[in-house]
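Single-letter residue listing:
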Amino acid sequence: MQTTLDLLKIGDKATILDFDIEKIPLKLLEMGCLPGNVVQLLQKAPFGDPLYLDVNGSHLAIRIETASQITVEII
């Protein structure tokens, strides 16, 4: 099932499919946020922003507005 990263529930795992390269910070790409990589939502901040993710063993936090630009397929 295809969706965007911001719509995952805690514990969900998904494979990154696509994103607009101009809307994603270079730092995320350097940390492994690339098509084909598996991402898992670990936590959400109390008000839902930012999201805390595990991307191929790297833990990172991203904003909801950035996560909404990343298309994923739930595993």
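Residues numbered from 1 in each chain as written. Predicted model: local features only at pLDDT ≥ 70, side-chain atom pairs only at ≥ 80, totals over all residues. Heavy atoms only, no water.

Undergrad: Can you break down the overall build of the protein chain residue by residue, with the values?
TA: A tally of regular secondary structure across the protein chain gives two helices and six strands. Put simply, the protein chain runs from its N terminus to its C terminus through helices and strands in the order β-β-α-β-β-β-α-β. Against the 2.2 N^0.38 benchmark of 11 Å for 75 residues, the protein chain shows a C-alpha radius of gyration of 11 Å, consistent with a compact globule. Taking the principal axes of the C-alpha coordinates as reference, the protein chain spans close to 30 × 25 × 20 Å. (Helix = DSSP H or I, 4+ residues; strand = E, 2+ residues; numbered from the N terminus. Rg over C-alpha atoms; globule rule 2.2 N^0.38 Å.)

Undergrad: Residues and numbers for the pairing of strand 3 (residues 38-44), please.
TA: Here is the key point about a regular strand: its side chains alternate between the two faces of the sheet. Here strand 2 (residues 13-19) pairs with strand 3 via three bridges, running antiparallel. Counterpart to Ala 14 in the pairing with strand 3 is Val 39. Where strand 3 hands over to strand 4 (residues 51-55), the hairpin turn is made up of six residues, of which Gly 48 adopts a positive phi near 90 degrees. (Pairing = 2+ DSSP bridges.)

Undergrad: Would you mind going over the environment of Met 31 in detail, with residue names and values included?
TA: Along the chain, Met 31 turns up in the loop between helix 1 (26-30) and strand 3. For Met 31, a relative accessible area of 31% corresponds to the partly exposed category. Dropping the residues within four chain positions of it, Met 31 is found in contact with Val 55, Ser 58, His 59 and Leu 60. (Buried < 20%, exposed > 50% of the residue type's maximum accessible area, 1.4 Å probe, protein only. Contact = heavy atoms within 4.5 Å.)

Undergrad: If you had to explain the sheet that holds strand 3 to someone new, which residues and values would you point to?
TA: Taken together, six strands build an open sheet; the order of strands is 1-6-2-3-4-5 and the sheet is antiparallel. Across the chains shown, the open sheet's two edge strands, defined by having one partner strand only, are strand 1 (2-4) and strand 5 (58-62). With direction set aside, neighbouring strand axes in the sheet form an average angle of 40 degrees. (Axes fitted to C-alpha atoms, helices over the stretch in contact; angles between N-to-C directions.)

Undergrad: Could you give me a rundown of the nonpolar core, with the residues and numbers involved?
TA: Ranked by size, the top nonpolar core spans 19 residues in total, and within it Leu 5, Ile 16, Val 39, Leu 53, Ile 62, Ile 70 and Val 72 carry the most contacts. When residues of this core are traced back to their parent elements, those giving at least two are strand 2, helix 1, strand 3, strand 4, strand 5 and strand 6 (70-74). Excluding residues within four positions of it along the chain, Leu 5 makes contact with Val 39, Leu 51, Leu 53, Ile 62, Ala 67, Ile 70 and Val 72. (Core = buried A, V, L, I, M, F, W, Y, C linked by side-chain atoms within 4.5 Å.)

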